[in-house]
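Results of the structural survey
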Amino acid sequence: MITVASLAPCLGGALAVSGVAVVASRRRELLIRWCAWAVGVPLVTGAFWLGRPGTAAVAIAVAVIAVLEYGALTRLGRADRVVLGAALAGVVLAAWLAPGQVLRVAAVGALAVAAVPLLAGDADRGLHRLGSGLLGLVWLSALAGLVPLGASALALFVAVSVADIVAYFAGRRLGGPRLSPLSPAKRWSGTLAGAAAGLGALAVLSAFSWPMAVAVGVGGPAGDLIESMIKRGARAKDTGRWLPGSGGLLDRIDSLLVALAVLLVLR
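The structure displayed is predicted, hence computed values, not measured ones.

1. Considering the packing of helix H4 (residues 78-97) against helix H6 (residues 126-140)
- Contact geometry for H4 and H6: axes closest at 10 Å, N-to-C directions at 25 degrees. Taken together, the axes of H4 and H6 are roughly parallel relative to one another. The way H4 lies across H6 gives a crossing that is right-handed. Contacts between H4 and H6 involve Asp80, Leu84, Ala87 and Leu88 from the first element and Arg129, Gly133, Gly136, Leu137 and Leu140 from the second.

Written as structure tokens, this is what we have:
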């Protein structure tokens, strides 16, 4: 069984080894990105160590930030963002306190999101607000999966992060056919290499299982393409500029979102 205690030494060791490599590379952008990881990884790991309350707190905090970034990309108004954020928080709290009511809470959240443009009588942008709000609710509700999955979700995040990094560098080096017009820089060669690296990370973390493997190999790339579609529609390169080396938070967790959804379905 995977536990946070069993993952902590691996995460600490990975940070230390990558830190040495980053310093040796003398590349400023890599050092900035590593510093962000050095701060974020212990904080998130500590929260997961606290069990479901800590994991729920992380999920809600991430959901709120994600809504702000998503709302900016899709040009949602303040009321739409507030209701969407509240709906997501409700889904996460239900996953913690009333797991059997998650679908009911999500349905209530969907009705609330739909009510905002309807009550505003927005004939010009109402359909856009409705579609964007419901997409955001479906997409970001996967964060509620952090609560029941616990340490497995932490291992999944590590694996999809490794897969993303390897896919980026391998795709540039190996070339070959493009993965999708939605993301011209991504190649099938990189995606396959990244999937292999992600599965290797699962094995190292003693977290390998066929649902986890499918989540990393299929869910991760799919999540990346969904975010690429949203960004291309918004004509934006990144979802934000505040996270050193990564742009925005959604740029960092896009693969994790669909991977979480795939893992929840298969489990």
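2. Side note on the environment of alanine 153
- Take alanine 153: it is sitting in helix H8 (residues 151-174).
- Considered as a pair, alanine 153 and aspartate 122 are 31 residues apart in the sequence and their alpha carbons are 39 Å apart.

3. Quick notes on H6
- With 15 residues, H6 extends 21 Å from end C-alpha to end C-alpha; this agrees with the ideal 21 Å at 1.5 Å per step.
- Among the residues making up H6, those that are buried are Gly126, Arg129, Ser132, Gly133, Gly136, Leu137, Trp139 and Leu140.
- Of the surrounding secondary structure, the elements contacted by the buried residues of H6 are helix H3 (52-74), H4, helix H5 (102-120), helix H10 (210-234) and helix H11 (249-266).

4. Describing a nonpolar patch on the surface
- A cluster of nonpolar side chains, namely Leu93, Trp96 and Leu97, defines an oily patch on the protein surface of about 270 Å² accessible area.
- Along the chain, tryptophan 96 turns up in helix H4.
- On the accessibility criterion, tryptophan 96 (31% relative accessible area) is partly exposed.

5. Some thoughts on the pattern of salt bridges
- Applying the stated rule across the entire model yields six salt bridges.
- Aspartate 122 is paired through a salt bridge with arginine 129; the nearest N and O atoms lie 2.9 Å apart.
- A residue is classified by how much of its surface remains accessible, and aspartate 122, at 24% relative accessible area, is partly exposed.
- What makes arginine 129 buried here is its relative accessible area of 11%.
- When the shortest N-O distance is used, the salt bridge between arginine 252 and aspartate 164 registers 3.6 Å. Of this pair, arginine 252 sits in helix H11 while aspartate 164 is found in helix H8, placing the two residues 88 residues apart along the sequence.
- The exposure class assigned to arginine 252 is buried, which follows from its relative accessible area of 14%.
- A single salt-bridge network, built from bridges that share partners, covers Asp80, Asp122 and Arg129.

6. What to know about H11
- End to end, H11 covers 26 Å across 18 residues, agreeing with the expected 26 Å (1.5 Å per residue, within 8%).
- A bend of about 30 degrees at serine 255 is the largest found in H11.
- Counting buried positions over the 18 residues of H11 gives 14, a clear majority of the element.

7. Regarding the side chain of glutamate 69
- Structurally, glutamate 69 is set in helix H3.
- Lysine 231 provides the closest opposite charge to the buried, unpaired glutamate 69, separated from it by 9.4 Å.
- Looking at glutamate 69, its side chain comes within polar contact range of the main-chain nitrogen of leucine 249, at 2.7 Å.
- Every residue in contact with glutamate 69, bar those within four places of it in the chain, is listed here: Thr239, Trp242, Gly248, Leu249 and Leu250.

8. Considerations on the nonpolar core
- Counting 62 residues, the largest nonpolar core has Trp139, Leu140, Leu156, Leu250, Ile253, Leu257 and Leu260 as the members making the most contacts within it.
- Of the residues forming this core, the biggest block, 10 residues, is contributed by H11.

9. Some thoughts on the packing of aromatic side chains
- What the rule picks out here adds up to three aromatic pairs.
- Their ring planes at 25 degrees and their centres at 5.9 Å tell us that tryptophan 37 and phenylalanine 157 sit as a pair that is stacked. Taken together, the positions of tryptophan 37 in helix H2 (residues 28-49) and phenylalanine 157 in helix H8 put the pair 120 residues apart, joining distant regions of the chain.
- Residue phenylalanine 157 is classed as buried on the basis of its relative accessible area, which comes to 18%.

10. Overview of the pairing of strand S2 (residues 183-187)
- Examined bridge by bridge, strand S1 (residues 178-180) and S2 share two bridges and lie antiparallel to one another. In the strand pairing of S2, serine 180 is matched with serine 183.
- The hairpin turn running from S1 into S2, its antiparallel successor, is two residues long.

Reading the values: rules and limits
Residues numbered from 1 in each chain as written. Predicted model: local features only at pLDDT ≥ 70, side-chain atom pairs only at ≥ 80, totals over all residues. Heavy atoms only, no water. Axes fitted to C-alpha atoms, helices over the stretch in contact; angles between N-to-C directions. Helix = DSSP H or I, 4+ residues; strand = E, 2+ residues; numbered from the N terminus. Parallel < 35°, antiparallel > 145°, perpendicular 65-115°, else oblique. Left-handed = near helix turned anticlockwise from the far one by under 90°. Contact = heavy atoms within 4.5 Å. Expected span 1.5 Å × (residues − 1). Buried < 20%, exposed > 50% of the residue type's maximum accessible area, 1.4 Å probe, protein only. Patch = residues over 30% accessible without salt bridge, like charges linked within 9 Å, V, L, I, M, F, W, Y side chains within 5 Å. Areas by Shrake-Rupley, 256 points an atom, 1.4 Å probe, with all protein chains shown as cover. Salt bridge = Lys/Arg side-chain N within 4 Å of Asp/Glu carboxyl O. Bend = angle between axes of the 7 residues up to and from the residue. Lys, Arg positive; Asp, Glu negative; His and termini not counted. Polar contact = N/O pair within 3.5 Å; in protein donor to acceptor, adjacent residues only side chain to side chain. Core = buried A, V, L, I, M, F, W, Y, C linked by side-chain atoms within 4.5 Å. Phe/Tyr/Trp six-rings, centres within 6.5 Å; stacked < 30°, edge-to-face > 60°. Pairing = 2+ DSSP bridges.

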